[in-house]
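Topology and contacts: notes
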Amino acid sequence: EFMQAFWDIEEAQAKAIQHLASFVRDKNALPYLLTFTELIIFAMKTHVDSLELQVDGCSLLLEILSQALEQDVVMALDENVTGSLLETVRKHSENEELLSLVCTLLMMISASEVAAENLRKVGVIPDLLSILRNFLHNEKICLSCCGVLWSLAASENNVDQALLKSAVPVTSAVLQEHLQNGTVTESACSALWALSLQGCLTENEYEPTTALLLDALRMNPERPVLVKNTCLALASLLRLSEISALRFITDSKGSGINLIKDAYHLHYDDPAVVESICVLINEMAQYDDVVLDMLSQKMEELLSEIKSWFPSS
């Protein structure tokens, strides 16, 4: 009632949000806090010029959403919420701390198909790409933005193809910048996989993207989700282009075949990873030069081993 009565007074809204934040440590408070999400968003939208209120509002929303996810509580986040967050992004496009919070929020809510569709409707992609270009050094921002791109590109709803194509070089730049950070690399590889499935890569991007994905696999072999999604992204590229296939076996840092064998031996007990490796091998087999290389490196031994572990494969 206080927030509704003094909605136009910035200090009142700021104090109310700060007071609500004192309850987030109480797990039993979540049902009550959930009822405040619309008021928090309304306060942020009304006082969008206030950086402090935006930071406090985003921090509180993050806490509420994180607790909701932990307790398997579904939050209804409509187009008004995504539109307001995007308005915050545009108003404070130079503030790294706030953008880090907002992008994390966007990543969390984009996991919902409905929220992802709302983000698409409000035109979030150009803003995400602009943020990535400006804050390529920021691991948290890169992780979150690539997560949102993954959700949008993997969505069944059609997204503007030209916009998604413009995301490829930026996502590749993120991967190049953060190859040694497994979490960010995993997010970027997933986004590139989704973009390749949507047919967003140009012919000139096939070879350098293949090389980048091989580097990701080479530097982060212990991460099963990264290995799975990178193998699927490579399979998608090999399906499209013999250029990618040739780069896969002739990469200057080492053949992709050896990487695949190493990945299998690390994750042979993970069916999802093994399945992704099989999908990649299937795409490799369509090119004679690759098959010759597979034979010379005794790839049939690996296939026999997979067959013995997974008879139905």
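Right, let's walk through the structure included here. If you're wondering where the values come from, they're calculated on a predicted model, not measured in any experiment. (Residues numbered from 1 in each chain as written. Predicted model: local features only at pLDDT ≥ 70, side-chain atom pairs only at ≥ 80, totals over all residues. Heavy atoms only, no water.)

Core analysis: the biggest nonpolar cluster contains 107 residues, and Leu85, Leu175, Leu195, Phe248, Ile260, Leu280 and Met284 have the highest contact counts within it. Not counting residues within four places of it along the chain, the set of residues in contact with leucine 85 comprises Ile41, Met44, Cys58, Val102, Leu105, Leu106 and Ile109. (Core = buried A, V, L, I, M, F, W, Y, C linked by side-chain atoms within 4.5 Å. Buried < 20%, exposed > 50% of the residue type's maximum accessible area, 1.4 Å probe, protein only. Contact = heavy atoms within 4.5 Å.)

Another point: the side chain of serine 172. One can find serine 172 in helix α11 (residues 161–177). Apart from the residues lying within four places of it in its own chain, the contact partners of serine 172 are Leu192, Thr209 and Leu212. (Helix = DSSP H or I, 4+ residues; strand = E, 2+ residues; numbered from the N terminus.)

Turning next to the packing of helix α14 (residues 224–240) against helix α17 (residues 271–284). Between two packed helices, both the angle of their axes relative to each other and the distance between the axes serve to describe the pair. One can describe the packing of α14 onto α17 by two numbers: an axis separation of 8 Å at closest approach and a directional angle of 20 degrees. Viewed along their axes, α14 and α17 adopt a mutual orientation that is roughly parallel. Judged by the twist between their axes, the crossing of α14 over α17 is left-handed. Between α14 and α17, the residues in contact are Pro224, Val227, Lys228, Cys231, Leu232, Leu234, Ala235, Leu238 and Arg239 and Ala272, Val273, Ser276, Ile277, Val279, Leu280, Glu283 and Met284, respectively. Split by residue class, the contact of α14 with α17 holds 13 nonpolar, 1 polar and 3 charged. (Axes fitted to C-alpha atoms, helices over the stretch in contact; angles between N-to-C directions. Parallel < 35°, antiparallel > 145°, perpendicular 65-115°, else oblique. Left-handed = near helix turned anticlockwise from the far one by under 90°. Nonpolar A, V, L, I, M, F, W, Y, C, P; charged D, E, K, R; others polar.)

As a further point, take unusual backbone geometry. Leave glycine aside and you will find that most residues have negative phi; peptide bonds, for their part, are mostly trans. Of note, lysine 298 is a non-glycine position whose phi angle comes to about 55 degrees, a positive value. With respect to the element layout, lysine 298 can be found in the loop between α18 (288–296) and α19 (299–309).

Position of threonine 37 among the secondary structure elements: in helix α4 (residues 37–46). The exposure class of threonine 37 is buried, given its relative accessible area of 11%. A polar side-chain atom of threonine 37 sits 3.1 Å from the main-chain carbonyl oxygen of leucine 34. Residues within four places of threonine 37 in sequence aside, it is in contact with Leu61, Ile64 and Met75. (Polar contact = N/O pair within 3.5 Å; in protein donor to acceptor, adjacent residues only side chain to side chain.)

As a further point, take helix α15 (residues 242–250). Because an α-helix packs 3.6 residues into every turn, residues spaced three or four apart end up facing the same way. Along α15, the residues that are buried comprise Ser244, Ala245, Phe248 and Ile249. Projection of α15 onto a plane perpendicular to its axis shows the buried side chains occupying an angular sector of 130 degrees, all on one side. Looking at the packing, one finds that the buried side of α15 touches α13 (203–219), α14, α16 (256–267), α17 and α18. (Arc of directions from axis to C-beta.)

Where α11 meets helix α12 (residues 182–197), the closest approach of the two axes is 10 Å, and the angle between their N-to-C directions is 155 degrees. Considering their axes alone, α11 and α12 lie roughly antiparallel with respect to each other. Where α11 crosses over α12, the two elements pack in a sense that is left-handed. Of α12, the residues touching α11 (which contributes Leu164, Ala167, Val168, Thr171, Ser172, Val174 and Leu175) are Val184, Thr185, Ala188, Cys189, Ala191, Leu192 and Leu195. Classifying every residue of the contact of α11 with α12 gives 11 nonpolar, 3 polar and no charged.

The values are spatial; any link to function lies outside them.
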